Structures are given as C-alpha cells and as structure tokens.
Amino acid sequence: DDDDDDDDDGATSGTPALAVERLLALEREGLKFHQMRERCRAILAAPGVHVPSFAADALDILAKRSRGGRTSSSSTVDPVAHLIMECVPRVTAHIRERHDFPMMDDTSVRERFADSRDRSPGVRLILEALADFDDDCNDGDGGSTNRLLVTDRARLDPRTLLRVAETYGVSLEDLTDAGGEDAARSLETYARSLIHREGKHAPGVNLALWFSLDAFANEETVDELTRAGAFGLASDVAACVAGDGLKRRCVEACLELGDSGDHAGLRAAHAAAERFRLGTVFPTAKTRYFESTIKRMVAKGQAEAALRHAGDDEYLQRCVIASLVASGDASTAAEYVARLAPDFAGSGGDFDKMCGLLGTETELAAAQAARREAHVQLPEDMSENGGVVWVDDEDGLRAACDALLAADVVGIDTEWAADPDAERAAAERNRRRKGTRWARKRWRDQKKLAKKLAAEAEALEASNGESDVDDCSSGDASSGDASSGEGERTGAGAGAEDEDAAERRAASVVALLQVATRDRVFLVDLPALLRACPEGEGLPVVLLLLLGQLRKLEEAAAASAAKRAKKAAKAAEKAGVRVAEAIAEFEQDNTFAESAAWVLDLAALLLSRETASGAVDALVATMKGAVDEGGRIVWLSAEVTSKHLSSRAFLQAARRETAAAVASVEKNAEGQDEEDVIAEAEAAAAVIAARLQEGYADLAECALLLLQAGTTAGAEESPKAKAKGKSSKHAGGLQPVDTKAAARMERGGRQVLTALDGLLAPGPYLRSLAPLLEHEDGRVRRKALRLIAHRLHAAAAADVAPANKYEKRKGEKARDARSRARAKDRKWKRSGKATTATTEDEDAEAEEMEEERADEAEAGVALIEKLAELAGSGSYATRSAALAALDAASSRFAGVKDAHKPIIDAAPAAVESLSCSSRAVVAAGAGCIASIVKSQGVRCVGILPNAVPKLLETANSAASSLAKAKDAAARAAAEAEEAGDEAAEEAASEAAGVRDDEAAVLVAALKAVDTLMEQLSAFVSPYLPEMLRLLLSPALVPAVGGDDGEDAFDRESSAYHAAQSAAALREIVARRIPHRLLLKPLAEAYDSCLAAGGVGGAAAARSALGMAAVAASTEPPAPAHRGALVALLLRALDVRREPPAGRCPAAAVDEVEAAAVQAFVTFSLQLTESSFVPVFTQVVEWAKARAADAPAARTRLGALFRLASSLADALRAVFVPLATPLLDLAAAALDPVSDPAPSKKKKKKKKSNAGAGVDPAAIVAELDTWRMRTHALSALRRLFVHDGGEALLDANRFNQLHPLVTRMLRAIPPSEGPDGEQPTPEAAEGEHMAPGGLASECVACVAAMIASAPDDALWKPAHRGVLLATREGVARTRLVALAALGAVVDKLQEEYLALLPEAIPFLSELFEDPDEAVEGAARAFTGRLTELSGEDLKSLMLGNDK
C-alpha cells in the first residue's frame, strides 16, 4: 500500500547552455516533436527568463555546435533551433504587436516584438551571420576587410536566419540602425548568393521579401527562379511588385519552359495566370496545361481519370481519344467515343471529327483483336447471366460464401477510383480556409495558394482509374459499370446510392473488394455489409476478429514483407553487394514497420467511417467483448478506443451526426411553426448527445476495470507485496498473465480515461470514479484520486483561460462534441434574423453549461467527505493524493453554495496532515489549506485558531530544517567533489533530497500564508510574531552580499522558489498590516534576529529593516506611531555598537547599517518639512548623546554622517539648510584630537615585540575613526555640491573646515583589521583611490569645497594646503594630493590658471620624484595644465630645474 508511482517531471533549465543541453538530450532520447515543444515552452516560460535574449543565446550556442560538428555544414538546418523559434511567439504574446511591414511595392501585417530592445538579440544574430558571410567572401576574394566588426561569431543556416527575422520581427531599419548601411549591402549580397550562386532559392527569396529588398524586384530574379523550377517563388516575387509587367513575365517564362516539353512549367503558367487573373492575356495557358496532363495520364494507363479530367470540353475529350490511339489502345478509345456520343448529340458538337481520330474500321478491328489476344477473357455472357454480383447484404454474402467455398480457384483484387471533382472542391475549401487562417502572413499565404493550385493537378495525375489487372475484358466490373450495366445487385442496397458517400474523403474510398471464381465475380462492398449487420453485431465483431488475430496478421504481413525485401535484394545484386544489402535492409525495416501497424490503422479507418454514436457503441461492445475474452486483446481494444476518441475525426463526426439529425427534422417539417421546428431539432440533438454520454459512461466502466486489474496485478507482483503475502481478487475476472500485461492494461485504462476526460460530462466522469475510492487496493485509490484532481484542476483552469482568436477556450472543442446546443451546422442559425438566432444559440449554450456545471458540482460535493476521510488516514501516498484532490475540489467548487459546509468540514483533516512525518503529506496539506481559505474567504475565520498556529509552527520548523539541510547539502557536495566516489555522491544526493523536501514544504506553507494575507489580512494580527519569525528565517532571506551562492540551474529548485515567495510575502505583510499592529512585532523580530547572531542573523535583520522601509513607503506613519518607527531605526543605526551575537563579519554589520539608512531615507521622503525637522534633530541628538563614550561616539557619528549623505542625495538642496548642525560635528570628527590614542602605542609595541599581539580595541577604534571620517567627508562633499556657496559656507566656516579637510589627504588607512581581515579596500597596494574610500571622498570634498567657496580669495589657502601635501614623505599621500589637484582643475577649469603660478614649483619637484607612479601622475597632470593654459609648462619647469 505504500508503493507509489514516480511521476515524470519536465525539467526546465535556467541558462541557455543548460537549456540547449537539455533539449539535445531529449532529442537523443527520441522524443516526438510535440513533446519537445512542450518541454521547450516550459523552459522559456520559466520565471526570470527574458525570452528574446535567452532564445538568441541558445541559437548562438547551437550554431557554434553545428560548426563544431553537430551537423554536417553551416547550411544544415538544425531542428532544435526551429523548435526554439516556434515556441518563442507562444510564450511572448504579451510583448508582441502587429505591425505593417513593407514588402517591395506591397505591405504585410506581421507580428514582432514591440520593444526594439527585445528585437536587438535577433538583430545581433543576423548581423553576426552576415559578418561571417562577408568574411567567407573576403577570404575567397583574397581580401581581409570586414565591414561588420563582430567577434566570436556563429553562422546560422539560411532557414534559421530567416526564422529569426520572422520570429523577432526584425526589419531592414532595425539592421541598418545597428549595423549601418553596410548591413543592408551585406544582406543583399547574401540573398543574391543564395539565389544565384548556391541554389537556395526559398530562403533567398523569402529574405528578399521579408526585408523588402527592391533589388530583386526584376525580371532577372523571376527568370532565374523559373529556370530552377522554383515557380511558386517566382510568382511570389511578381505578386509583390506593382503593375502587371513582372507578372506577365512570370507567366511567359513558365510557358517558355512548357514549349520545351516541361509539364511543370505549363502547370506553373496556369497557376500564375489564375493567381494574377491574366487568363484573358494568356488564353492558351489553361488549355495547354490540361492537354499535357491528359497525355501524361493516358501514358500512365489512367485513361478513365483523364476522361473525367477533360470534363465537357470537346477539345480535351478529343485529346484523350487521340492520346489513346497514339498509345495503341484504339479499342478503349472506341469505347469512350461510344460513351461520349449522347453528349455530342445533345450539344451539337462535331462528332465526326471525334470518330475520325479512331482510324479506319480495319485498324480498329485489328486493335480490338490484339487486345483480346493479350488478356485472358472471361465468358462473354457473364454479365448477362448474373456473373457480376454485388455483395452488400446478408443474402449476397451467403451466396458469395457458398460459391467461393465450392470454387477451386479464387482471385482477389480491389477496385477503387478517386473523384476529381470532389478532390478539386476539397482543395478549394482548404485553400479558402487556410487563406483566412493565415491572412496575417499574406506573403506566405500567396505562396501556399500557388502550391495548392499546383497540388490539385498533381492529385488528379496521381489518382488511379481502374486496376490494370482488370484489363482482361470489357465485361469486367469496372468497364461493365460504363457499358453493359451494373450487373446484379442482390440486397436492399441494390440501385440505391450510399447515403454516406458524400461524407467520405474521395481519395481514401475503397469502393469494392473483388473476389472472382472461374465463372463469377463478386464485388464486396465492406462498408455496406457492416451497415447491414444487426446493431452491435457488425463492426464490433470485425474489430474483435482483427484485434484477436493481430499477431497472426502481423506475422503474415511480416513474412510477406520479408519475402519482398528478399526479392528486392536479389534483384539489386547487379548494383553491387553493398547496394543490395542496403536496399534489402531498408525494404525489410520499412515493411516490418508497416506490418506492425496496418491492422490498427484498418480498425481506425473502419471506425472513422461510422457515425460518432455508432463508433462509440462499437467500441463499447468491443471493449466488453475483450474484457470477457481476456488476454492481449484487452489492452489492444483500449488502445484503439483511446486513439479514436482522441482523434479530430471523431469530434467532427459527432458534430456531423448532430447536424444530420437536425437537418432531418427540418426536412420533414415543412409548413410547421419555426419554434416547434427548433424544439424538435433540439430534442433530436439531445437524443444524440444522451446516446453518446451513455456510451462514454460504459467505456469509462470498462477503462476502470482495466485500471483495477492492472494496478492490482502489478501490486501483487511487486516484491514488497509478495513479502507481505498480499493478494486480491481481480476486477471483472481479468487475469493479466504477467507484470508486463498488467502494466499494459493499466496504461490502456488510463489512456481511455484520458480520452474521455473531455468527452464524458464532468458529473458522470466523477461518479464513475467514485467507486474506486472504496477499493481495497491503495494503488487503485491513488489512481482515482489523481484522475479526480486532474479533471477538477483542468476544469478550473479552462474556466479562467483566455479565449483564442476564434473565441474558444481550452477544453471547448471536446465540449462541442458532447453538446446538444452547439452543432455548428444547424440550418436554423441561418434562418430569420441573424441577431435573434445568435442570441438564442448563446442562451441555449449558457443554459446547457449551467446544467453541466450543476451536475458536476453535485457529483463533486458528494466526493468531498470521502476525500477528507482518505486525507486523514491510510498510507502517506494515499493521503497526499487525497489532499491534492481535496485541494482541486476546493478550488473548483468555491462558488457552489452546497459545497461551503463540506469544504469547511474537511479543513481539520488538512490541518491534521501538518503533523505527519512525511514531508509530501505536509506540503499537500499546506496547499490544501491555502485552497480552502482562498475558496471560502471569511467563512474560514472559525478554523484560523487551529489552522494558522499549526501552519506557522510547521513552516518555522521546516525553515529551521532547511537552513541545516542547505549547510549539510553544501558540505556533502564539497566532500563528493573532493572524494569523487559513489558513496560520497550518494550522500550528497541524499542531502540535496532532504533540502528539497523541506523547501517543498516551505513553498506550500508560504503559499498558504500568502492566501491568508490576500483573503483574511484583517484577522492575522495575533499570529504576526510567528509569521515574521518565518519570513525572517535565515533560510528565506538573501545572504550577505546579495548572492545565495546558487548557480542558475539551482534557481529552479524549491529552496530558491521558497526564498522568492518569502521575499514577496515580506513586502505584502509590510504593505497590508497597519503600522499600529506591525511596528511592535517587527521591532521584536529585529531584536530576535540580532540575538540569533552570525551572518544569518545579520541577513534577517537587514530584511526586517527592508520591511520597515516598505511599511514607511506605503503611507506616512501617523504621529502616534512615528516614534516607534524612529526608535526602531535608531536602534538599527546603532548596530555597530550592538552588533549581532556571535561572530559576525564586518561586511554583514555594514549591510545592516546600510539597510537602516535606506529605511530612514524612505521614511523621510514621506514626511513634510515641518515633520522632518524634529525627527532629524532627534537623530542628531542621539548621535551626540554618547559624546563622553569615545567608541560609541565614533560609531554613532559615522552612522549619522552616512545617513546625512543619503539624505543629501535624496533631498538635495532642501536638506542643506537643515544640516548646519552637522558642520561642527564633522569638524570635530576630522580634528586630530579625535585620533584614537592607542595608535602610536601600537606601533611602538610592534617595533619592540613583533610577536606580541595587537590590542583588538585599538584596531576597532582605528577602523571606526577611519569609517567616521570617510562618511563625514562624504556628507560634507554632498552638502558643498548642493549648497553652491549660498547658505552653508561663509568665510569663517570655510577657514574652519579647509585645514581639516586637506589634512585628510595625508591620512594613512589602517593596516590591520579585526580577526586578520583586510581593514578597508583602499589599504591594498595601488587601491588608494578605491571608490567610496576616504581618499576618494577627500579628493572630491576638497574640489567641491573650493568650488563652493563664497569668495575667490579663499581658494588660495585651501589650494596651498593641497600643494603642501605633495611634499609628504609617503608616496600614497603625494598621489592623493595630485588627484585632488586634478579634481580642483575639473571644477574650476580656466579659473584655475590664477592658482597655477603657485603650483609650478611643487609640480617641478614632483618631476624628479623617486616614485615612478608619482612622477607619471605629475607629468600627466602637467600635460592637462598645458592644454588648459596653452603654454608649454613642462619646458618651463625643466628650465627652472636647470
């Protein structure tokens, strides 16, 4: 009972490289195209995938693989590339638009990406391909110039390049914008090479049309394409050019080929003349084409088809006769002349001219005698004495059986013929339908149209007339039909036309099975015989016989195929042994493949010729007979049933049958009231629908029998079941012979139920599954539960799915087949006023859907109690499946009044499942709770006290376990990589599995919490502490540094999705919970994060501050709650004084402080100026409150200056007048008095005792001082920039600050950090100007201070302070001073020339600096000054030196 099936999970891939690897692996596995397409769509539709760039990168990888050997050449089409291009529009419909593109002299409406940035990846691919082509051309010409400079290119084949242009909607303008005019020239050269040199006409012409390259709109292109036989392409080019000049040339070129005997040229000329409506200009085009077609038909022995093709045209009829005479068959020509005589007599045609074609009577008699001598003749009086017998009923079949049993020789043949008129009409219908469907691709539609017209003639040529075996006499069946009468018809079908003949496809109608003895010919009409059989005894018997004898039939076919293959191999020995072996192998493989499928194809053909209800009845009888008989036929019948019910032909047959019933009512209702007719028609349609539903229900019962038998037998055969000694009675007496047969039965049952999923109405479908929930075998129950969940989920998804362009939603095609109100061919829709008819149809459809939904709800609600029972007991797999079904039922029946109480009553079972030890059950339970809350809304308030605490407890436990599991999985993976043995890899896999299990629980629990916030956010305040604890769990917050350490493939894992869900929930909670309820629990959660300590605690605290920022940004906090928020932010700003517990890296603490600053800035932006001033004053006072405590003062001042920098960036000039108190604090921070006292002592200690440790407090003090001064300079710089010398700086304040600021140019960074860490980035060699460091801030601050000085006279002392720093003994200081001088020059520009004389002596000294970096910087700076002043300062300095 604990056994469960492993479901296949379609893997998705997070990077283009992984996606390509996955698709290529699936291709190697042999997946079908539609399966590959679904996987590819899933990959492209994954969250976070930018489809245009992703697909382009994947194509680039594929192209490089192709060049590396995946395909034979760069021109080979890669199917995976076209698969990706086909899937891109499906998943990007929301970012695509319809656009008018030029197409030479025409325009075409096509789709493209609306944003040019989305089209740019496609542009890049095309430009790379063109650049690669240019390189090839240049290499071939001996050149080396590359006009499109692109590196690391991968060349696309022409078809893929065209597909990229179509999919992305790249226009010529896009190419020229990115690659210039060279791109257009390269494109034209590329297309010309494809057309005129490489012979790849289709991609070349389509590129020219797509990009509207006018250079190809000429006769040269049309002539080239016509000579190459690309007639459709030539017609496409001509169609896009205004006027009829090029169109006429297209027809003329085709006729010129026809003059040389090219039949295809004549066909193309006729098609082009029809397309361009040039029939009056070229009146002989059609006649010449038809004449050539008739001659070819006669030469192939298809004279009868040729005569039908000629129709009523006397000239073409004479052509048929003349061709027969020329081929030596004057006898047949004479027969045709005799048949045509009445037509000529009625039309007044020249019959004598027709007869003259036959020659003399002597010649005609000689031809007839030669024909008789060439063939065995049946008795001449056979047709007159009943020798030709039609077998289409019981009497005829008995007579045939008696005669055949008594015969010593039997001959078998088939007779069939195509109907050219029907084929031509069908081709025209298809052409119109496809033209409408593809109107948005007009240029392709034109090409399709030309090909379709040509295909009509091809179909007529390929259509067979009588079998060439029947040439024995004029009295055989086929010729007898035309001359001597139809023979003897023996049953009810005699003389009557088949009523279904008009519905059959003409090309596939097998008219007769011909069985001949020495004196009689029996023409067996198999479809008529099946219809003549008693109901339920015709087609079912045939199907059972076919399926029961399948093995023998396949063996016979295989033997025949092997015989033919052997004969073919023997005949090919003349071509060589190797060729003979290849031919034999091909013939054998091909024929064996056909022999294994022809029986099932025949069964499908027989079913397709029946009405929908007749086919369903036959399938019911077949499956019941198969169940009674047992064996292989059971699952074969299920396979035939599922395939037929899933076919489009069955759905069409159901609609046709309903329409036929309606038409029959109308036909017999002349003179009746219209409303009565409609009512009777509805009743007739209802009878058909009811009959189908009854048949579907019977098929569902048979499928369930197979499902029970297969699963029960499979369970008994399993090793675990044998160990437990389990056994059970097989359903319906079915006894699979082995595990393989049981698996086939189970699969067959599933296939039939899947096919019935859309056909059987929801109510009966659910009722048919209900008995399986009581089955004693757990596997059967689980199968039923999964089917229920699948059906309910699919129905719910179909209700909300968007309609397609035909106003159809997913699932409605199947509903049409079972609907009595949706017959598309009802004639009453066209009677009366169209508006009234449409309204009535819509009302009828709505009424039926309402009835169907009510029946589904009744059946589904009845299952809820049983689902809750199964969810609370049984094996883990059964409980998980039951919870999934309960989840689906809750979603599906959310708005059903009768379902409210059962769903609420089922909630305790879902809550109880949260205590289960199985993580799958827990995840399913959490998902079920989410669905119940979402569907019932406020009705769930009563279950919250029990459900929410249990849910949050489970989620917090899973989050804690996930954090441990992630660490364990990382350690195991590292050990496995290091060890490289199987045991280590298994351990790593097991650890990863535990991690994923816990993450899956978290995903489901977070979904439930999200639903709570969406539906019941007003009721969750009592649970906020635990909810915040969950959302701020270290396993669910971004790691310090902003990177989880997971690669792109891991972004598809449950752990990643859980983290993403938690991030979204943190924002939702912060926005929806009022400040009065949120701030206190959030402050407590922040304290808990710090208490947790470590990197995880710091990351959680940072996320808590992010929630505070979101809460503040939603709306300005009320004055009553403003203090609580400020208090929380001040505590966060003081994080350096009270860091997270345990060992926490400085980088983690810095991120917490940054989050606090960002939250404070967000909060400040919501305040008015009058509200902001007291808040900022409070922060300043907070920073000064610990002035007596030097370490606390340093950390708080550093946080204050950091906050001031961010506020200045956000508020700019508004903040400057409010920041005056910061100037004195900044001066105090920069004053040498604030230098930490232990610094000198530490240096002496290191000199005296190198092995002694350094005081950690001294290191911390030095780092805090450095950080405080960095932030002070940063804040001053921003204040100077936004002040502009108007309000903040006066002469006294400038004289106070400039010595302190320029002094910082001499500052040396700390050489050692806590615990041996690097103290600051700028402490590294050559990194003195690291962004955000003290030196870079000081340089910028000096420049901003001088630029904002209230008087130019104040520049000189500040400038001299910078110059004096260039004479310091430390090279770092001199480099920083030179950078400061450069920044001042950048600010002052020409005004700096007033200070230049003072700077020249200092710069001349630096020209001889012992440090090369300093000397180089000085010379570079002097060069800038030379450009600025226009004088050669370098020579002047060198002269002064001398």
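Residues numbered from 1 in each chain as written. Predicted model: local features only at pLDDT ≥ 70, side-chain atom pairs only at ≥ 80, totals over all residues. Heavy atoms only, no water.

Quick notes on the overall build of the protein
Rules: Every helix listed is a DSSP run of H or I at least four residues long, and every strand listed is a run of E at least two residues long, numbered separately from the N terminus. Each residue's exposure class comes from its accessible area (1.4 Å probe, protein chains only) as a fraction of the maximum for that residue type: buried when under 20%, exposed when over 50%, partly exposed otherwise. Residues are treated as being in contact if the distance between any of their heavy atoms lies within 4.5 Å. For every accessible area listed, the method is Shrake-Rupley and the probe measures 1.4 Å; residues are considered covered only by the protein chains on display.
A count of helical and extended segments in the protein gives 61 helices and seven strands. When each of the 1442 residues of the protein is scored for burial, the buried share is 49%. Taking the contacts inside the protein whose residues are at least 6 apart along the sequence as the reference set, 74% of them involve residues at least 24 apart. On the protein, roughly 67400 Å² of surface is accessible, and the fraction owed to carbon and sulfur atoms is 51%.

So, the packing of aromatic side chains
Under the convention used in this document: Working definition: a ring pair exists when centres of Phe, Tyr or Trp rings (six-membered ring for Trp) sit within 6.5 Å. Plane angles under 30 degrees give stacked, over 60 give edge-to-face, the rest tilted. Criterion for a charge above a ring: Arg CZ or Lys NZ at most 6 Å from the ring centre, at most 35 degrees from the ring normal.
One pass over the structure, following the stated rule, counts eight aromatic pairs. Taken together through their ring pairs, the aromatic side chains of F1172, F1176 and F1215 make up a single cluster. Directly above the aromatic system of F216 lies the positively charged group of R192, at a separation of 4.8 Å from the ring centroid. Across the ring face of F276, the terminal group of K247 is positioned such that the distance to the ring centre comes to 5.8 Å.

Notes on the pairing of strand β7 (residues 521–524)
Short version of the rule: When DSSP finds two or more bridges between two strands, those strands count as paired.
Residues V521 and L523 of β7 are buried on one face, and the alternating residues F522 and V524, pointing to the opposite face, are buried as well. Sheet topology note: the strand β3 (residues 388–391)/β7 ladder contains four bridges and is parallel. Along β7, the bridge assignment pairs V391 with V524. Examined bridge by bridge, strand β6 (residues 512–516) and β7 share four bridges and lie antiparallel to one another.

Some words on the packing of helix α58 (residues 1371–1388) against helix α60 (residues 1412–1429)
So the rule is basically this: Think of each axis as a best-fit line through the C-alpha atoms, taken over the contacting stretch in the case of a helix, with angles from 0 to 180 degrees between the N-to-C directions. Comment on the angle field: the value is read as roughly parallel under 35 degrees, roughly antiparallel over 145, roughly perpendicular from 65 to 115, and oblique elsewhere. Take the far helix as your reference; a near helix turned counterclockwise from it by less than a right angle gives a left-handed crossing, and one turned clockwise gives a right-handed crossing. Throughout this entry, Asp, Glu, Lys and Arg are counted as charged residues, while Ala, Val, Leu, Ile, Met, Phe, Trp, Tyr, Cys and Pro are counted as nonpolar. The remaining residues, Gly among them, count as polar.
Across the interface, α58 lies against α60 with an axial gap of 9 Å and an inter-helix angle of 15 degrees. As judged from the angle between their axes, α58 and α60 are roughly parallel. By crossing handedness, the relation of α58 to α60 is classed as left-handed. For the pair formed by α58 and α60, the contact residues are A1371, R1374, L1375, L1378, L1381, G1382, V1385 and D1386 on the first element and A1413, V1414, A1417, A1418, F1421, R1424, L1425 and L1428 on the second. Tallied by class, residues from the contact of α58 with α60 come to twelve nonpolar, one polar and three charged.

Regarding helix α47 (residues 1094–1114)
As a reminder of what qualifies: A helix is expected to span 1.5 Å for every residue after the first.
For α47, with 21 residues, the first-to-last C-alpha span of 31 Å sits near the 30 Å given by 1.5 Å per residue. Taken across its 21 residues, α47 has 16 buried, putting it largely inside the fold.

Remarks on the pattern of salt bridges
It is possible for side chains of opposite charge to pair when their charged atoms get near one another. Definition in use: For salt bridges, the criterion is a side-chain nitrogen of Lys or Arg within 4 Å of an Asp or Glu carboxyl oxygen.
Counted by the stated rule, this structure contains 54 salt bridges. The salt bridge involving D174 is made with R119; its shortest N-O contact spans 3.0 Å. Here D174 is found in helix α7 (residues 172–179), whereas its partner R119 is found in helix α5 (residues 116–141), with 55 residues between them in sequence. Accessibility assignment for this pair places D174 and R119 in one class, buried. Of the charged contacts in the structure, one is a salt bridge between R227 and E224, with a shortest N-O distance of 3.2 Å.

Examining the side chain of T622
Within the secondary structure layout, T622 lies in helix α29 (residues 612–629). A relative accessible area of 3% places T622 in the buried class. If sequence neighbours within four positions are ignored, T622 has contacts with P540, L543, L544, L547 and S637.

Thoughts on the packing of helix α48 (residues 1119–1133) against helix α50 (residues 1169–1184)
Two elements in contact, α48 and α50, have axes separated by 11 Å at closest approach and are oriented at 35 degrees. As α48 packs across α50, the resulting crossing turns out to be right-handed. Contacts between α48 and α50 involve R1122, V1126, L1130 and L1133 on the former and, on the latter, S1171, V1175, Q1178, V1179 and W1182. Considering only residue class, the contact of α48 with α50 consists of six nonpolar, two polar and one charged.

So, the pairing of strand β2 (residues 106–113)
Looking at chain direction, strand β1 (residues 96–103) and β2 are connected through eight bridges and run antiparallel. Along β2, the bridge assignment pairs H99 with R110.

Quick notes on α58
Over its 18 residues, α58 extends 26 Å from the first C-alpha to the last, a length consistent with the 26 Å expected when each residue adds 1.5 Å. Within α58, 14 of the 18 residues are buried, which leaves it mostly tucked inside the rest of the structure. Once α58 finishes, Q1389 follows within two positions and takes phi at roughly 55 degrees, a positive value.

Focus on unusual backbone geometry
Of note, the phi angle at M104 is positive, near 60 degrees, even though the residue is not glycine. We note that S212 has phi near 55 degrees; this positive angle belongs to a residue other than glycine. With respect to the helices and strands, S212 occurs in the loop between α9 (201–210) and α10 (219–227).

Structural notes on the nonpolar core
A general tendency of soluble globular proteins is for nonpolar side chains to be buried together. As a reminder of what qualifies: In this text, buried Ala, Val, Leu, Ile, Met, Phe, Trp, Tyr and Cys residues form a nonpolar core when linked through side-chain atoms within 4.5 Å.
L645, V1069, Y1086, F1215 and Y1392 are the most contacted members of the largest nonpolar core, which has 265 residues in total. The leading source of residues in this core is helix α32 (residues 674–717), at twelve residues. If we skip the residues at most four places from it in the chain, L645 touches V616, L619, F650, Y696, L699, A755, L756 and L759. Residues C87, V123, C240 and A303 belong to the second largest nonpolar core, which totals 106 residues.

Re the state of the cysteines
Rules: When two cysteine sulfur atoms lie within 2.5 Å, the pair is treated as a disulfide.
Taken as a whole, this structure holds zero disulfides when the rule is applied. Unpaired in terms of disulfides, C40 finds its nearest cysteine sulfur in C87, a separation of 3.8 Å.

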